[in-house]
Amino acid sequence: MKEFLLGVVQGLTEFLPVSSSGHLSLFSKLFGLPQNLPLFAFLHLATFLVVLIFLWEDVWRIIIGLIKFDNSTWTLALKIIVASIPAGIAGVFFEKKIEEIFSSQMLIGIFFLVTAVALWLSDSFSGKKSLNDISYTDALIIGIFQAISVLPGISRSGFTLIGALLVGMNRTDAFRFSFLLSLPVTLAAGIFELKDVVFSTGIFSGFGGAFVAGLIALIVVRQLTVSAHLKFFSLYLIIPALLSFVLK
């Protein structure tokens, strides 16, 4: 039951810009569960599957374009790779430091507040660039924002959306790029930790909970991104921040 609850938390918070890693750490503390990083990473495979289904038209178009050697498709794929590099570097070289931060609820609370401020400001950002208009430099900037989100309490979806909006993307394509960008990261995180996962009925119930909750969350965040209402999450993030300070 606890794994199912953690799965629901993962599914909701992976896509809502409130930090899944921060919430999983907080809920683990509340329910007296150990910091099970392999479990958290395995749940990423469920949210990977959600994005794959939700953006299947974009993914299929990219696959077909790559097969046909379409120039614009290959360019977009390369930009996604460029944007994925900073998070990959951060994950490899700062893994131990990130694990240490997971044990500090005080730091997680501070990062929750950082996310809250960034989201509040993001509703004033927007532009006209489409997926195909962004440059490699734009992609790298968005990737740096994603790399920052390896810190628990910093939202990956929130920060990549903010990065995309800052470089001038329109809100619909900022959403699309943010979650296309999540595919290699969440897949790699899940596969990398599979060797340490102890499989059980509870693990799979958590996977199911993350999948269903993730579908619901992705619909919500798309609507709020397009309508420029991400600041609602800023107000919410005050709650987990305060809880993190209390549970430190």
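Predicted, not measured: the structure shown is a model, and the values here were computed from it. (Residues numbered from 1 in each chain as written. Predicted model: local features only at pLDDT ≥ 70, side-chain atom pairs only at ≥ 80, totals over all residues. Heavy atoms only, no water.)

Visitor: How should I be thinking about a nonpolar patch on the surface in this particular structure?
Guide: On the surface, Leu-78, Ile-81, Ile-85, Ile-89, Val-92, Phe-93, Phe-94 and Tyr-136 cluster together to form a nonpolar patch covering roughly 820 Å² of accessible area. For the nonpolar patch, the element with the highest residue contribution is helix 5 (residues 71–93), accounting for 6 residues. Secondary-structure assignment places Ile-89 in helix 5. (Patch = residues over 30% accessible without salt bridge, like charges linked within 9 Å, V, L, I, M, F, W, Y side chains within 5 Å. Areas by Shrake-Rupley, 256 points an atom, 1.4 Å probe, with all protein chains shown as cover. Salt bridge = Lys/Arg side-chain N within 4 Å of Asp/Glu carboxyl O. Helix = DSSP H or I, 4+ residues; strand = E, 2+ residues; numbered from the N terminus.)

Visitor: Just to check I follow, could you spell out the pattern of salt bridges for this structure?
Guide: Pairing is possible between side chains that carry opposite charge, provided their charged atoms lie close to one another. In total, this model carries 5 salt bridges according to the counting rule given. Here Lys-231 ties to Asp-123 by a salt bridge, and the two come within 3.3 Å at their closest N and O atoms. Of the two residues, Lys-231 is situated in helix 12 (residues 231–246) and Asp-123 in the loop between helix 7 (105–122) and helix 8 (136–148); the sequence distance between them amounts to 108 residues. For Lys-129, the salt bridge goes to Asp-138, with nearest N and O atoms at 2.9 Å. Beyond isolated ion pairs, a larger network of salt bridges with shared partners links Asp-58, Arg-61, Asp-173 and Arg-176.

Visitor: For this particular structure, what's the right way to read the side chain of Ser-122?
Guide: Examined against the element boundaries, Ser-122 turns out to sit in helix 7. Not counting residues within four places of it along the chain, the set of residues in contact with Ser-122 comprises Ile-162, Leu-165, Arg-171 and Leu-230. (Contact = heavy atoms within 4.5 Å.)

Visitor: I tried to follow the packing of helix 8 against helix 9 (residues 156–166) on my own but got confused; where do I start?
Guide: The geometry of a pair of packed helices is captured by two quantities: the angle between their axes and the separation between those axes. Two elements in contact, helix 8 and helix 9, have axes separated by 8 Å at closest approach and are oriented at 160°. Classified by the interaxial angle, the pair formed by helix 8 and helix 9 is roughly antiparallel. Considering the relative orientation of helix 8 and helix 9, their crossing is right-handed. From helix 8, Ile-142, Phe-145, Gln-146 and Ile-148 reach across to helix 9, where they touch Arg-156, Phe-159, Thr-160, Ile-162, Gly-163, Ala-164 and Leu-166. Residue classes in the contact of helix 8 with helix 9 are distributed as 7 nonpolar, 3 polar and 1 charged. (Axes fitted to C-alpha atoms, helices over the stretch in contact; angles between N-to-C directions. Parallel < 35°, antiparallel > 145°, perpendicular 65-115°, else oblique. Left-handed = near helix turned anticlockwise from the far one by under 90°. Nonpolar A, V, L, I, M, F, W, Y, C, P; charged D, E, K, R; others polar.)

Visitor: It is not clear to me how the packing of aromatic side chains should be interpreted in this structure. Could you clarify?
Guide: Remark: the centre distance and the inter-plane angle together describe each pair of aromatic rings, the angle taken between the planes. Overall, the coordinates contain 5 aromatic pairs when judged by the stated rule. Measuring from ring centre to ring centre gives 6.3 Å for Phe-54 and Phe-175, while their planes differ by 70°; the resulting arrangement is edge-to-face. Pair noted here: Phe-54 is in helix 3 (residues 37–54) and Phe-175 is in helix 10 (residues 171–193), with a separation of 121 residues, a long-range link. Between Phe-145 and Phe-159 the ring centres are 6.0 Å apart and the planes differ by 45°, which places this aromatic pair in the tilted class. Here Phe-145, found in helix 8, pairs with Phe-159, found in helix 9; they are 14 residues apart in sequence, far enough to count as distant. A single burial state applies to Phe-145 and to Phe-159, both of which are buried. Aromatic ring contacts, followed pair by pair, group Phe-15, Phe-54, Phe-175 and Phe-179 into a single cluster. Between the NZ or CZ atom of Lys-79 and the centre of the ring of Tyr-136, over which it lies, the distance is 5.8 Å. (Phe/Tyr/Trp six-rings, centres within 6.5 Å; stacked < 30°, edge-to-face > 60°. Buried < 20%, exposed > 50% of the residue type's maximum accessible area, 1.4 Å probe, protein only. Lys NZ or Arg CZ within 6 Å of the ring centre and 35° of its normal.)

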